[in-house]
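Analysis of the macromolecular model
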Amino acid sequence: MNLLKMARTNPHQNAKELIIEAADKINLEPWIRDALLTTHRELKVYFPVQMDDGSIKNFTGYRIQHNHMRGPFKGGIRYHWNVNLNEVRALATWMTIKCGVVDIPMGGGKGGVICNPKDMSEKELERMTRGFVQRIAPIIGPNIDIPAPDVYTNAKVMSWIVDEYSKCVGKKVLAVVTGKPLELGGSEGRDKATAKGGLFVLKEIIKEKYVKGLDSLKDKTVVVQGFGNAGATFAQFMYEEGAKVIAVSDSKGAIVNKGGLDIPKVIEHKTKTKCLGDCSDAANTTNEDILEMDCDILVPAALENVITMENVERIKAKLILELANGPVTTGADKVLYKKKVVVIPDVLANAGGVTVSYFEWRQNLDEEHWSKEEVNKKLEKIMNRNTKLVIETAKKHEVSTRLGAYILSMGRIAEKAPDELKEGHFNCYMNNNL
Ligand code: NAD
């Protein structure tokens with residue numbers, strides 16, 4: 001990749017440009033804007049792991065804490081070969097904005113380990129997770145920074161983190177991560193929360209008649225890129241709502257059926273074969289092609305920078321719902337806005353995940369267990385309310401929904417920012433069970 005292209009697709013740079021634009025719109029005090037343009041703390045770790053063949057391999061990982069004006073840092077841990085400092089900084093920054101958009105009292109953080117989890121055994125992944133936790137333990141904890149799952153990490157990885165962190169501090173601490181298995185203090189509804197939150201946002205957008213020609217989900221055509229926790233669950237919800245999911249993809253390729261895929265069958269096929277290709281009643285195609293298909297709703301649910309200046313002119317969807325973090329670059333976003341393609345930004349569209357993570361954390365601290373109905377009802381209320389507020393803010397300032405979301409969130413962050421100057425504000429660090 002050449003340097004110019006790298007600069008255009010540096011996700012942290014994209015996030016910072018939006019913060020500057022939103023700060024200008026609301027005349028944000030410069031010290032608050034500058035704090036949001038940098039990160040509160042960055043930890044890079046390097047640690048050895050014993051592999052199954054007896055060899056020892058070193059891994060590099062990061063935990064980045066972006067901002068905690070509204071509460072403890074919160075954000076997932078990603079296992080991927082492309083993990084890098086700018087990506088994790090961007091993901092941490094988006095978490096701060098996201099928590100502000102849904103108005104939960106948390107700040108932004110994110111972590112990642114450079115590895116290829118697909119080439120590692122479960123035992124190797126467990127040892128790597130434990131090694132990573134030993135290195136980041138001094139800066140995480142239920143009152144400071146609470147990780148969660150992200151790409152290629154799941155409830156099992158979270159359970160290893162609880163166990164290793166608890167060993168480090170000498171007592172069982174469930175509230176150190178969210179996205180745990182139910183039997184280990186996980187929340188009902190967390191596994192589907194990101195997709196469910198996206199569904200609530202989409203329904204509210206339709207109810208508010210925000211997208212011309214999109215008056216219901218029935219028979220609407222949907223394309224989903226990424227078929228993991230967020231993407232596959234969302235595709236299933238769309239199928240249940242009577243929409244036609246015409247194409248889906250994963251890291252190995254894509255499948256298409258213009259008459260509509262049978263999503264439960266596709267999920268069964270993926271579970272059995274570990275890939276989507278050669279699924280019955282579907283033709284094989286590519287990830288690039290499905291992004292450019294004629295459809296009502298396009299749902300990027302994999303990784304960053306998939307809609308860029310290179311393909312944006314060929315995007316035909318009426319609405320883009322960003323379940324992934326950062327799938328549309330800032331330049332492409334501006335082109336889509338001009339073309340009147342509505343983009344529901346990641347910081348709203350996928351915020352159901354962190355919202356139910358917050359619920360899980362609260363249940364752990366209060367030693368409660370909420371029913372699935374209770375969780376979903378609370379989630380729906382939060383997503384509906386804040387979707388309306390994002391739309392109102394965007395309309396008021398005559399900007400895109402993305403900038404509307406940033407303006408809404410940064411206004412909320414600014415209300416709490418002066419607390420940073422109060423004596424004893426950092427007392428929370430003293431209570432970190434260390
Ligand atoms: P996951 O690991 O469960 O699934 C990732 C999916 O993306 C897999 O199907 C994988 O095959 C696919 N993929 C990977 N590389 C790809 C590529 N180059 N092209 C197409 N598909 C590719 O991860 P997830 O939890 O579903 O996360 C997906 C996105 O959603 C990420 O951007 C993540 O940050 C975001 N997100 C997830 C959550 C959550 O709660 N899981 C919350 C908020 C945001």
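Residues numbered from 1 in each chain as written. Predicted model: local features only at pLDDT ≥ 70, side-chain atom pairs only at ≥ 80, totals over all residues. Heavy atoms only, no water.

Moving on: the environment of Met158. Looking at the secondary structure, you find Met158 in helix α6 (residues 155-169). Of the residues examined, Met158 reaches a relative accessible area of 0% and is grouped as buried. Taking the C-alpha atoms as reference points, Met158 and Gln50, separated by 108 residues in sequence, lie 20 Å from one another. Not counting the four nearest positions on each side in its chain, Met158 is found in contact with Ala148, Pro149, Thr153, Val177, Thr178, Gly179 and Lys180. (Helix = DSSP H or I, 4+ residues; strand = E, 2+ residues; numbered from the N terminus. Buried < 20%, exposed > 50% of the residue type's maximum accessible area, 1.4 Å probe, protein only. Contact = heavy atoms within 4.5 Å.)

On to the site of the ligand, then. Residues in close proximity to the ligand total 22 residues, the closest being Asp150, Thr194, Asn229, Ala230 and Asn325. Interatomic distance of 3.0 Å between a backbone N/O atom of Phe227 and an oxygen atom of the ligand. With respect to the ligand, the backbone of Ser251 contributes an N or O atom lying 3.0 Å from an oxygen atom. Across the complex, the protein chains shield 87% of the 820 Å² of accessible surface that the ligand would expose by itself. Class assignment for the residues of the shell around the ligand results in nine nonpolar, nine polar and four charged. (Near = heavy atom within 4 Å. Polar contact = N/O pair within 3.5 Å; in protein donor to acceptor, adjacent residues only side chain to side chain. Areas by Shrake-Rupley, 256 points an atom, 1.4 Å probe, with all protein chains shown as cover. Nonpolar A, V, L, I, M, F, W, Y, C, P; charged D, E, K, R; others polar.)

Membership of the largest hydrophobic core comes to 85 residues, with the highest contact counts inside it found for Phe234, Met238, Val248, Leu319, Ile344, Tyr406 and Met410. Among the elements that make up this core, the one with the highest residue count is helix α7 (residues 193-207) (eight residues). In contact with Ile344, other than residues within four places in its own chain, are Val201, Ile205, Leu319, Ile320, Leu321, Glu322, Ala349 and Thr401. The next biggest cluster of nonpolar side chains, apart from the first, holds 28 residues, and it includes Met51, Ile77, Leu125 and Leu184. (Core = buried A, V, L, I, M, F, W, Y, C linked by side-chain atoms within 4.5 Å.)

A few words on empty space enclosed by the protein. Using the criterion set out here, one finds two cavities of 30 Å³ or more in the structure. Computed from the structure, the largest cavity encloses a volume of approximately 70 Å³. As for the largest cavity, its lining consists of Asn14, Leu18, Trp94, Glu322, Gly326, Val328, Thr329, Thr330, Asp346, Arg402 and Tyr406. Listed by contribution, the elements that provide at least two residues to the lining of the largest cavity are α2 (11-25) and α15 (401-416). Each residue belonging to the lining of the largest cavity can be placed in one class, and the counts come to four nonpolar, four polar and three charged. Partitioned by chemical class, the residues of the lining of the second largest cavity number four nonpolar, one polar and three charged. (1 Å grid on protein atoms, 1.4 Å probe; cavity = no way out; pocket = protein on both sides within 12 Å on 5 of 7 lines; lining within 4 Å. Points joined across faces, edges and corners; volume = space filled by probe spheres on them.)

Bringing the pattern of salt bridges into the picture now. Inspection of the entire model under this criterion finds 32 salt bridges. Residue Glu126 is joined to Lys123 by a salt bridge in which the shortest nitrogen-to-oxygen separation is 3.4 Å. Taken together, the residues span about one helical turn, with Glu126 and Lys123 both in helix α5 (residues 122-136) at a distance of three residues. Assessed through its relative accessible area of 16%, Glu126 is described here as buried. Several salt bridges converge on common partners, so that one network encompasses Lys123, Glu126, Arg130, Asp163, Glu164 and Lys167. (Salt bridge = Lys/Arg side-chain N within 4 Å of Asp/Glu carboxyl O.)

Secondary-structure assignment places Val176 in the loop between α6 and α7. The class of Val176 is buried, set by a relative accessible area of 0%. Residues Val176 and Asp419 lie 243 residues apart in sequence; the distance between their C-alpha atoms is 24 Å. The residues touching Val176, leaving out its near neighbours within four places in the chain, are Ile140, Gly141, Pro142, Asp145, Ile146, Pro147, Val162 and Tyr165.

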